[in-house]
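Coordinate analysis (summary)
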Amino acid sequence: MTEKASLNEDEDGAWLTENQSQSQMALSPADANEAGDGDRPAWDSKIQYVLAQVGFSVGLGNVWRFPYLCHQNGGGAFMLLYVFLLAVVGVPLFFMELAAGQSIRQGSIGVWKHISPKLAGIGYSSCLVCFYVALYYNVIIAWSLFYMGNSFQYPLPWENCPIDEATNDTVRECAESSATSYFWFRKALNITNSIEESGEFNSVMTGCLLAAWSIVSLAMIKGIKSSAKVMYFSSVFPYVVLFIFLIRGVTLDGAIEGITYMFYPRLEIWGSMQVWRQAATQVFFALGLGYGSVIAYSSYNPVQNNCHRDALMVSAINFMTSVLASLVVFVILGFRAKNIAKDCVAENIGLLSNMWIQGDQHGWPRFNVSEPTSVSVSDYREWYGQYGASMGLNVTDCNLEEEMKKGVEGTGLAFIAFTEVMALFPASPFWSALFFLMLLNLGMSTMFGTMQGILTPLMDNFQLLGRHRTLLTVCSCALGFLLGLLFTQRSGNYFVAMFDDYSATLPLVIVVIFETISVSWVYGTDRFLDDIEDMLKWRPPVVYKYLWKYVCLLAMIGLLAASLLRMVFKGPTYTAWNESTASEMTLEYPGWALAMIVLLIVFASLPVPIGYIYSTLQNRRLLGADPVEGDGKEINRDLYVKCSSIEQLDFNSHQATTEEDAVCPRTTFLPVGSEHYHLLPQQEDEEEDGEEQDTGV
């Protein structure tokens, strides 16, 4: 391994402060203990760590976002594009965060501050974005709690439309939409017609939000020691439920059509820049890049842990989970589309049964029109293809593929489409409770990682907070609940959509861009690979050097530019529910909401430049200060050393031969403050005295 130049021999070291060595990021196990990591929490086993990383990265987006993107963007062709971007962008960046956290053994603030204090703002931005996400993500968990609580009754409350007591007829809003849509928008959210109509607080959802934050607080009150035990259930249970739903789903009528629609490749979508942007965004968020949670979890690992294998394994599990969830979603949507098509056929056959003309010379079907439900969709469509256009009646196509194209995502998939299908299952309360318990666990495991991305950096960098872990956890959850009340008012769903669309995307991309620049161009990819080699005892492939320096960086800059251009030219919009028409409509945000969006993005991004400016001003102030301290002795910063041997001063110019030199055979960065450095006497004085003076750190 090539020896790394010391700071005073390398002009690039200007990024780092005087008290830091640019020579090595990784710490040996002994160094880690000496540096104060001996009492740092650690995972009880490797399986705990893997479950935590998988639980954080596999979230609600794998269930309701990835299937929708496949549905809308070419099915199998989108999957191929996703795998390509995962391999060349996702895995390298994920590996980079794992290696940085494991080598430095700090949270997101400490990792980038370790490389240079000018980069500390990256970690603070990560914490802010994590806090944004935690605020609205726990609201989705509260919705899941509400639906799970309502699943323990038969029939399910969203199975049928309610009756208006005043008119003794079906409630108009429900009759003009559907029972599931009515329950979601009116019973669960009691939503207003726009974001400008705030309305009063939804007391039931406020209680569910309090319960959700209480669960998070109790699970994390002892740090990873308590949350890791919960992970054994919350990370594994969703897979059990997904396999149960898949086995149940493949037996449904329409499942084959749904799977065929999912995997049929439409390669022409590769020419669309919009599809590339969506695929890159999904890769970015699926792995949880930029949140700081990946770094926080990795920092509790032993230094020798094989983080490269972890990066490949977690990325593969994440992708396979998305595929599994897509299979479940598409068999369910196929069943739903088949039922809608059957109802359409029955309705059209009912129109035909009123006609007494029979015989195929007039184009009328030979099947039994007196039993509409006995007519298959394929037979009807074959007849319609030949004669339907000439009927002159209100007879429709009943196209199964067209129903499949009506894709739903996000809350619409979970709380409308899936609830509609589960109401058709035998023992529907069981399936409904199982489904929403799965959503609850998916959300909780991601929520634990998000909160860890906030708490770990704060406790690592502020000793007072680190000494009061329990109080910090409880206060953070209490603050999250109070600010989360914004989302429990009647217009709260619109604010959830705002935060989901705009509060995290751009700031996180900016954070990852600066992370990549920090490792690739500030610290140096060769130096970083050297440190990884010290940890793993083997050197990762050189291809990572070029992926980090060029491919990943350019991909992230391209994603940032595409997202900004889309926001500017398309304009921020949201989907609102109109009570009078009982339908959804797209509205533009009012001026104050646009200002709120801008402020969310700016506040999350500001710590990066503020940290750089603050550190620069601090350095200038120190350099411009009078170099006289106490009794008049001048301070020469070159005399600050990290080992307890004077020979370390000349380490780069001659080979150390003493036992004390062997303690630090290579310059390493110890994460301690300047108060631990001792000033050595002038070497000329030592030569005059003719004896060597030892100093201790």
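Numbering of residues begins from 1 in every chain and follows the order in which that chain's sequence is written. Side-chain atom pairs in this predicted model are given and counted only at pLDDT of 80 or more, local residue features only at pLDDT of at least 70, and totals for whole chains, interfaces and linings cover all residues. Note: side-chain values were computed over all heavy atoms of the structure, leaving out hydrogens and water.

Attention now goes to the overall build of the protein. From N to C terminus, the protein includes 29 helices and six strands. Each accessible area is a Shrake-Rupley estimate made with a 1.4 Å probe; only the visible protein chains count as cover when residues are assessed. Summed over its atoms, the accessible surface of the protein is roughly 30500 Å², and 59% of this surface lies on carbon and sulfur atoms. Note on conventions: DSSP H or I runs of at least 4 residues are helices, E runs of at least 2 residues are strands, and numbering of each starts at the N terminus.

On to the confidence of the model for the protein. Per-residue confidence from the predictor is reported as pLDDT, which spans 0 to 100. Summing up the model confidence of the protein, the mean pLDDT is 78 and the portion of residues at 70 or higher is 75%. Note on contacts: a residue pair is in contact if any heavy atoms of the two residues lie within 4.5 Å. Ignoring residues within four places in sequence, the model shows residues 26-36, a span with pLDDT below 50, making 18 contacts including any to other chains.

With that settled, the discussion passes to the packing of aromatic side chains. Pairs of aromatic rings are described using the distance from one ring centre to the other and the angle between the two planes. Stacked, tilted and edge-to-face are the three classes applied to pairs of Phe, Tyr and Trp rings, where Trp contributes its six-membered ring and a pair requires centres within 6.5 Å; stacked means planes under 30 degrees apart, edge-to-face means over 60, and tilted covers the rest. Going through the model one piece at a time under the given rule, you end up with 43 aromatic pairs. Aromatic pair Phe-425 and Trp-431: ring centres 5.8 Å apart, planes at 80 degrees, arrangement edge-to-face. Partly exposed describes any residue whose relative accessible area lies between the buried limit of under 20% and the exposed limit of over 50%, with all areas from a 1.4 Å probe on protein chains only and scaled to the type maximum. For Phe-425, a relative accessible area of 5% translates into the label buried. The exposure class assigned to Trp-431 is buried, which follows from its relative accessible area of 11%. In this structure, Arg-248 is placed above the aromatic ring of Phe-425, and the distance from its NZ or CZ to the ring centre is 4.9 Å. Here the basic side chain of Arg-527 rests over the ring of Tyr-523, its NZ or CZ set 5.8 Å away from the ring centre. Working rule: Lys NZ or Arg CZ, within 6 Å of ring centre, within 35 degrees of ring normal, means a charge sits over the ring.

Linking two cysteines covalently through their sulfur atoms gives a disulfide. The criterion for a disulfide is a pair of cysteine sulfur atoms lying within 2.5 Å. As enumerated under the stated definition, the model contains one disulfide in all. Across the disulfide, Cys-161 is cross-linked to Cys-174 (sulfur-sulfur distance 1.9 Å). Disulfide Cys-161 to Cys-174: torsion about the S-S bond roughly -80 degrees, handedness left-handed. In this pair, Cys-161 is assigned in the loop between helix H7 (120-150) and strand E1 (163-164) and Cys-174 in helix H8 (residues 172-175), connecting sequence segments 13 residues apart. In this structure Cys-161 comes out as partly exposed when scored by relative accessible area, which is 27%. A disulfide-free cysteine, Cys-475 has its sulfur positioned 9.5 Å from the sulfur of Cys-477, the nearest such atom.

For the rest of this paragraph, the subject is the pairing of strand E3 (residues 573-578). Strand pairing requires that DSSP identify at least two bridges connecting the strands. The pairing of E3 with strand E4 (residues 583-588) spans six bridges and is antiparallel. Looking at the pairing, Asn-578 lines up with Ser-583 of E4. Joining the antiparallel neighbours E3 and E4 is a turn of four residues, in which Ala-582 adopts a positive phi near 55 degrees.

Working convention: axes come from line fits to C-alpha atoms, limited for helices to the stretch in contact. Angles between N-to-C directions cover 0 to 180 degrees. Between helix H12 (residues 237-249) and helix H20 (residues 428-461), the least distance of the axes is 9 Å, while the angle of their chain directions is 145 degrees. The interaxial crossing formed by H12 with H20 has left-handed handedness. Between H12 and H20, the residues in contact are Phe-237, Pro-238, Val-241, Leu-242, Ile-244, Phe-245 and Arg-248 and Trp-431, Leu-434, Phe-435, Leu-437, Met-438, Asn-441 and Leu-442, respectively. Here the nonpolar group is Ala, Val, Leu, Ile, Met, Phe, Trp, Tyr, Cys and Pro; Asp, Glu, Lys and Arg are the charged ones; every other residue, Gly included, is treated as polar. Partitioned by chemical class, the residues of the contact of H12 with H20 number twelve nonpolar, one polar and one charged. By the definition used in this description, the sense in which the near helix is turned from the far one sets the handedness, with an anticlockwise turn below a right angle giving left-handed and a clockwise turn giving right-handed.

Position of Trp-213 among the secondary structure elements: in helix H10 (residues 203-220). The class for Trp-213 is buried, based on a relative accessible area of 3%. Each C-alpha atom, one on Trp-213 and one on Ala-478, is 7.6 Å from the other, the two residues being 265 residues apart in sequence. In this structure Trp-213 touches Ala-134, Leu-135, Asn-138, Met-447, Met-451, Cys-477, Gly-480 and Phe-481, once residues within four positions along its chain are discounted.

The term salt bridge refers to a side-chain nitrogen of Lys or Arg lying within 4 Å of a carboxyl oxygen of Asp or Glu. Counted according to the given criterion, the structure contains nine salt bridges. For Arg-336, the salt bridge identified is with Glu-420, shortest N-O distance 3.5 Å. Note that Arg-336 is positioned in helix H16 (residues 307-353) and Glu-420 in helix H19 (residues 410-422), a separation of 84 residues in sequence. According to the relative accessible area criterion, Glu-420 is partly exposed, its value standing at 25%. Residues joined in a network through salt bridges with shared partners are Glu-173, Arg-186 and Glu-579.

Residue Pro-155 is bonded to the preceding Tyr-154 through a cis peptide linkage, with omega at -5 degrees. Mapped onto the elements of the fold, Pro-155 is located in the loop between H7 and E1. Even without a glycine there, the phi angle at Asn-168 is positive, about 55 degrees. Mapped onto the secondary structure, Asn-168 falls in the loop between E1 and strand E2 (169-170). Under the relative-accessibility criterion, Asn-168 is labelled exposed at 66%. The phi torsion at Asn-190 lies on the positive side, around 45 degrees, for a residue other than glycine. Within the secondary structure layout, Asn-190 lies in the loop between helix H9 (179-188) and H10.

In the contact formed by H7 and H20, the axes pass within 9 Å of each other and the chain directions differ by 160 degrees. On the basis of the axis angle, H7 is roughly antiparallel to H20. Like other packed secondary-structure pairs, H7 and H20 cross with a definite hand, here left-handed. Across the contact of H7 with H20, the residue classes break down as 20 nonpolar, six polar and no charged. Angle categories are assigned with fixed cut-offs, so that under 35 degrees is roughly parallel, over 145 is roughly antiparallel, 65 to 115 is roughly perpendicular, and the rest are oblique.

Before going further, it helps to examine helix H26 (residues 591-605). Taking 1.5 Å per residue as the helical rise, H26 with its 15 residues ought to reach 21 Å, and the 21 Å between its terminal C-alpha atoms agrees with that figure. Ala-593, Ile-597, Leu-600, Ile-601, Ala-604 and Ser-605 are the residues of H26 that are buried. Along the long axis of H26, the arc covered by the buried residues comes to 120 degrees, so they all point the same way. The elements touched by buried residues of H26 are H7, helix H23 (492-503), helix H24 (505-536), helix H25 (543-570) and helix H27 (607-624). Every helix has an expected span of 1.5 Å times one less than the residues it contains. The directions from the helix axis to the C-beta atoms are what the arc is built from.

On to H12. The first and last C-alpha atoms of H12 sit 18 Å apart over 13 residues, in line with the 18 Å expected at 1.5 Å per residue. Along H12, the residues classified as buried are Phe-237, Pro-238, Val-241, Leu-242, Phe-245, Leu-246 and Gly-249.

The next point concerns a nonpolar patch on the surface. Two distance rules govern patches: like charges are joined within 9 Å, and nonpolar side chains (Val, Leu, Ile, Met, Phe, Trp, Tyr) within 5 Å, applied only to residues with over 30% relative accessible area and no salt bridge. Taken together, Trp-521, Val-542, Tyr-546, Tyr-550, Val-551, Leu-554 and Ile-557 make up a surface patch of nonpolar side chains, about 690 Å² in accessible area. The leading source of residues in the nonpolar patch is H25, at five residues. Its place among the elements puts Val-542 in the loop between H24 and H25. Among the residues examined, Val-542 registers a relative accessible area of 53% and is labelled exposed.

What follows covers the environment of Gln-106. Relative to the assigned elements, Gln-106 resides in the loop between helix H5 (76-104) and helix H6 (108-115). Between the alpha carbons of Gln-106 and Ser-299 there is a distance of 5.6 Å; along the sequence they are 193 residues apart. Contact partners of Gln-106, with chain neighbours within four places excluded, come to Arg-40, Gly-101, Val-111, Ile-295, Ser-299, Asp-460 and Asn-461.

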